[in-house]
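# Chains, contacts and geometry: an overview
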Amino acid sequence: MTPDFNILGAVEVLQQGEGVDLGSPRQRALLVRLLIDVPRVISADRLIEDLWPGDQPQTARHALHVYISGIRKSLGVDRDRLERVGHGYHLRVEDDEVDSIRFERNLTEGRAALVRGDPQMAADLLASALDMWRGPALADVRDEPFAREEVTRLENLRLDAQEEQMWADLELGRHGEVAAELQDRVARHPYREVFWEQLMLALYRSGRQADALRTYQSARDQLAEALGVEPGPALQHMEERILAHDPALLLQPRSGSALRLVPRPRTSFIGRQREIKQAIELLEHARLLTLTGAPGSGKTRLALQVADDITDRFPHGTFFVPLAATDDAGLVGSEIGRALELPEPEEDLSAWDAVEAYFAPRCAMLVLDNFEQILDAAPQVGRLLDAARDLTIVVTSRASLGLSGEQEFRVPPLALPPPGERDPHEVSSYDAVLLFTARARAVDPGFTLDAGNAGAVADVTTMVDGLPLAIELAAARVALLSPRDLVERLERSLNLLTGGPADSVGRHHTMRDAIAWSHDLLEASEQVMYRRLGVFRGGFTLDAAADVVGIDEDSAINGLDSLRSKGLIYRKTDAGGARLAMLEMLREFASEALVAAGEERDVGRRHAEHYLRLAAEVEPELTREPRGWGVDRLASEVDNLRCALGFALSSGEPNLGLALASHLWRFWQSTDQLVEGKDWLGKLLAHSDASPQSRAHGLVALAGLTYWQGDYEETLRHYQEALDLFRTVGDRLNEAETLYSMSLTANWKQDLDAGEGYAEAAGTVYEELDSQEGIGKVLMARAFVLWRRGELEAAHKLWLESLSIARDSGDQTMAVSQLVGLAALTFHLGDRTEALRIVLEGVEEAVGLHNTHLIVWLLDFVAAYAAPEFPEPAVELAGAVDVLRKKAGGGILPVAIGVEDARSVGSRLLEPAALAAALERGRQMDVEEAVAVSRSFNLLMH
């Protein structure tokens, strides 16, 4: 029993013809939200934001789970139908189960029937499509913010279907019947010019020429009054033809008899439905459309498909002119004339004159392919458009033509599966995988996408950046290699992506040739910039590009804009803000060119020094306002940071590497990368020629990471070695900082005499340096000793004083860490509820700092304090912490300061089965879900 989902009207779900109770309005809205994005997975955060726009209630995530369960119950479906995938949800539906999908399929098939000259089938399909509508789309949820875009899209498609239905009826000779209906259409949609055009044609065919011309005047008046514009070319052309009594108006306007000189590709066109639609929509308002994009992105194939889909709009033909072999701008007119089979122009006329004379009276489309090497001919293209006002030109080029009225459309890579997706059904819904599968079957007819290879195919398409040419070249290797073999060999992707079809254009025979074609068209200064940008990983900012390339920012802006316009870099946005990037294969080519130019070491050093300056600038922000900015900034550069550290190791420059790593340790600690940080520092410290100062800072960073893993013996060893080095070089401030850290570490070890001694020594140096912030730290270290000796009141007083100094200094990480101790002291003084409140405050501040490791540490204390009163959710939280701490690489346990953990408390208060179930539920949580559980204790306490 499968349900029918109907959204073309009021939302309803039918089971065997009977309506299903969809529950509350918000539960109904959730179902619609899932339907709108079928078959995509929608994150829980996105669903919550859409269901509760603005400020979400604290119970939103719990409510979402309730609604998900309610939908499953209402529909009588299992979890496989409405399943959780990662951090989101996915509603599985078949195309025939959703009326909007059936409607769009009928519309597409109806259009295709019109193109191939079967108006009766088109009329039947379009009538069936329109009969599915029961009222306005999503009538009962259309005002929800998340639904508005889909409502607009569906209503526009409904109008598209009505337009196509009118064309089909007109081709069937029903002009007398549809004239009255079209009168109503233009009244309700006065700015939709196609209805006016159809009404004029229907009236003219009905013998009402004067009415047809008056209709044009009415359209012109309404457009001028409301929008201040003249009718478009199609409507103007209809008036001219009616005035001229064009006999073609009495024929079926879509007979398919137009001249066609656009080649039909020998292989099927896969995917790109969104891009085709966008390009066609742009051509409704622009007569010059330039398709740009990276080498191998499929610009030519997209242009051919667009031309094929709308060839019926051009009664005088569609024409294709390949220009890849032409490198002389003066010969472009001749090439077009040759493709059109025009006679040689007279002596006093140029080839362009002949082309303009040919197109001037015609409504036609011209596709100019591979224009990038003859951009000097762009002005002639502009003059051709001026001379032939019913001509539409589509250009493919690595760069735009720079003409007024030009509409640029950047052809993106094919849609890729999300990282880690392995399900064959999910993977096969992405265009990149569809193309790979189709081309693999061309060389191996037995190739199928299944559970055994879906993940590898997804990886292959991702590794080649979703570029159609690269995917086709990779798929051709399936005759010899399995998808898994391809993944293993694509580490140097350009070396594998060779062997295109024997009749392919030369630059399409290998991926390297395709990129080299673009590279060789660059100016010398652009080639220098391009190869130097190859040192970056994961993108770069404007200032980074200027710094590493070695030019000022104004020159960088001009150069980067030129490379972007030629498809070699692109703009992207992430948590760190706007930045530029290269597709990986373009970066690989640039990197090889950098080595070939002998610039690899110099540029690599500039790159590492730039990120050293960035890390030094950002490090203080990791513990202060603005909250989270520093973590996000470094997270956006993590690939570049790893590259810089790798350069320092491989080039034998440990001082550079240790300086960078020393500034990064708090970032690694904040983002659960303790193990990675230790690995880098260990390798860098192994270099014997590092300076004492660099080595000391590296040891402090390493000690900081091992401290947060709870390995106090190793931490003290690293601190002691660093202390000796700081004393040797006379660095008093870092001597004090190290002594303070050693005091805390010794206190955690319960070596209180040592902890007190280190604290006193640190205090002496801080007082010499007049460091109030340092004195505040020592107060906490002393308070720690007093507390562990049982002097709780005295410890509490010192702790509050230390916390106040930390707050005044702006060091939020220190303040949050001190809240943990303050909460523990409060607990030992007998106020568990206040201890819980304090540590919950700390969780919120740690969330603001984006310090995941600190959050997890605090959550363990939340669970411990909450367990006696709320054992089950506290044990859930403890289960989450178990997994999250392991992922983080270790951590400090509550038991270390005399607080019984939630697992022990829960084992006394819960039945064994309930305890195990709560722990298992917690182990499935991510950090955000665990924080949500901790916040629920605020509500429970009140």
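The structure under discussion appears in the preceding block.
Predicted model, so just to flag it, every value in this text is computed and none were measured.

### Concerning the overall build of the chain
Scanning the chain for helices and strands turns up 44 helices and 14 strands. Summarising its shape, the C-alpha atoms of the chain cover approximately 105 × 70 × 60 Å along the three principal directions. Residues classed as buried in the chain amount to 53% of the 942 residues present. In the chain, the share of contacts with a sequence separation of at least 24, taken over all contacts with a separation of at least 6, comes to 69%.

### Quick word on the packing of helix H2 (residues 44–51) against helix H3 (residues 60–75)
The description of two helices packed together rests on the angle between their axes and the distance between the axes. Two elements in contact, H2 and H3, have axes separated by 10 Å at closest approach and are oriented at 95°. As judged from the angle between their axes, H2 and H3 are roughly perpendicular. Contact residues: Ala44, Asp45, Leu47, Ile48 and Leu51 in H2; Ala60, Arg61 and Leu64 in H3. By residue class, the composition of the contact of H2 with H3 is six nonpolar, no polar and two charged.

### Topic: the pattern of salt bridges
Evaluated as defined, the whole model comprises 65 salt bridges. Note that Glu49 and Arg46 form a salt bridge whose closest N and O atoms lie 3.3 Å from each other. Of this pair, Glu49 and Arg46 are both found in helix H2, three residues apart, which corresponds to roughly one turn of the helix. The class of Arg46 is partly exposed, set by a relative accessible area of 33%. One salt bridge connects Lys749 with Glu713, and the closest N-O pair in it is separated by 2.9 Å. Linking Lys749 in the loop between helix H34 (732–748) and helix H35 (752–769) with Glu713 in helix H33 (residues 712–729), this pair joins segments that are 36 residues apart in sequence. On the accessibility criterion, Lys749 (30% relative accessible area) is partly exposed. A residue is classified by how much of its surface remains accessible, and Glu713, at 46% relative accessible area, is partly exposed.

### A look at the packing of helix H6 (residues 145–171) against helix H8 (residues 193–205)
Contact geometry for H6 and H8: axes closest at 11 Å, N-to-C directions at 20°. As summarised for this structure, H6 and H8 are arranged roughly parallel, according to the angle between their axes. The handedness of the crossing between H6 and H8 comes out as left-handed. Counting all contacts with H6, which are made through Leu159, Gln162, Glu163, Met166, Trp167 and Leu170, the residues of H8 involved are Val194, Phe195, Glu197, Gln198, Leu201, Ala202 and Arg205. Within the contact of H6 with H8, the residues separate by chemical class into eight nonpolar, two polar and three charged.

### Overview of the nonpolar core
Counting residues in each nonpolar core, the largest one holds 167 residues, and the members touching the most others are Phe436, Tyr530, Leu533, Trp668 and Tyr865. When residues of this core are assigned to their parent elements, the largest contribution, twelve residues, is made by helix H40 (residues 852–866). When residues no more than four places from it in sequence are discounted, the contact partners of Trp668 are Leu645, Ala661, Gln673, Leu674, Gly677, Trp680, Leu681 and Leu705. If you look at the next biggest cluster of nonpolar residues, it comprises 48 residues, including Ile42, Ala63, Phe103 and Ala129.

### Details of helix H39 (residues 832–849)
Here H39 spans 26 Å end to end across 18 residues, near enough to the 26 Å set by a 1.5 Å rise per residue. At the C-terminal side of H39, His850 shows a positive phi close to 60°.

### Points about the sheet that holds strand S3 (residues 18–19)
Overall, antiparallel pairing links the three strands, which are arranged S1-S2-S3 in an open sheet. Unpaired on one side and paired on the other, strand S1 (4–6) and S3 mark the two borders of the sheet. Sheet topology note: the strand S2 (residues 12–15)/S3 ladder contains two bridges and is antiparallel. When the sheet's bridge partners are listed, Leu14 is paired in S3 with Gly19.

### Side note on the sheet that holds strand S5 (residues 82–85)
What holds strands together in a sheet is hydrogen bonding between their backbones, with the strands either parallel or antiparallel. Reading across the sheet, the three strands line up as S4-S6-S5 and stay open at both edges, with antiparallel pairing between neighbours. Only two strands of the sheet have a single neighbouring strand rather than two, namely strand S4 (42–43) and S5. Packed on one face of the sheet, helix H1 (residues 25–36) meets S4, S5 and strand S6 (88–91) and runs near 75° to S6. Contacts between H3 and the sheet are confined to S5 and S6, with S5 contributing the most and set at about 145° to the helix.

### Re the packing of aromatic side chains
Within the structure shown, the criterion is met by 21 aromatic pairs. Through a chain of ring-to-ring contacts, three or more aromatic side chains come together here, namely Tyr707, Trp708, Tyr712, Trp748, Phe784, Trp787, Trp799, Phe827, Trp857, Phe861 and Tyr865. When the ring centre of Trp680 is taken as origin, the NZ or CZ atom of Lys683, which lies over that ring, is 5.8 Å away.

### Focus: a nonpolar patch on the surface
Where nonpolar side chains cluster on the molecular surface, the patch consists of Tyr191, Leu227 and Val229 and spans about 280 Å² of accessible area. Note that Val229 resides in the loop between helix H9 (209–227) and helix H10 (233–243).

### Remarks on helix H4 (residues 99–115)
Here H4 spans 24 Å end to end across 17 residues, near enough to the 24 Å set by a 1.5 Å rise per residue. Listed in full, the buried residues belonging to H4 are Asp99, Ser100, Phe103, Asn106, Leu107, Gly110, Ala113 and Leu114. Burial along H4 is one-sided: seen end-on, the buried residues are contained in an arc of 145°. Where H4 is buried, its residues contact S1, helix H5 (119–131) and H6. Backbone geometry just downstream of H4 places Gly117 in the positive-phi region, at approximately 85°.

The rules behind the values
- Residues numbered from 1 in each chain as written.
- Predicted model: local features only at pLDDT ≥ 70, side-chain atom pairs only at ≥ 80, totals over all residues.
- Heavy atoms only, no water.
- Helix = DSSP H or I, 4+ residues; strand = E, 2+ residues; numbered from the N terminus.
- Buried < 20%, exposed > 50% of the residue type's maximum accessible area, 1.4 Å probe, protein only.
- Contact = heavy atoms within 4.5 Å.
- Axes fitted to C-alpha atoms, helices over the stretch in contact; angles between N-to-C directions.
- Parallel < 35°, antiparallel > 145°, perpendicular 65-115°, else oblique.
- Nonpolar A, V, L, I, M, F, W, Y, C, P; charged D, E, K, R; others polar.
- Salt bridge = Lys/Arg side-chain N within 4 Å of Asp/Glu carboxyl O.
- Left-handed = near helix turned anticlockwise from the far one by under 90°.
- Core = buried A, V, L, I, M, F, W, Y, C linked by side-chain atoms within 4.5 Å.
- Expected span 1.5 Å × (residues − 1).
- Pairing = 2+ DSSP bridges.
- Phe/Tyr/Trp six-rings, centres within 6.5 Å; stacked < 30°, edge-to-face > 60°.
- Lys NZ or Arg CZ within 6 Å of the ring centre and 35° of its normal.
- Patch = residues over 30% accessible without salt bridge, like charges linked within 9 Å, V, L, I, M, F, W, Y side chains within 5 Å.
- Areas by Shrake-Rupley, 256 points an atom, 1.4 Å probe, with all protein chains shown as cover.
- Arc of directions from axis to C-beta.

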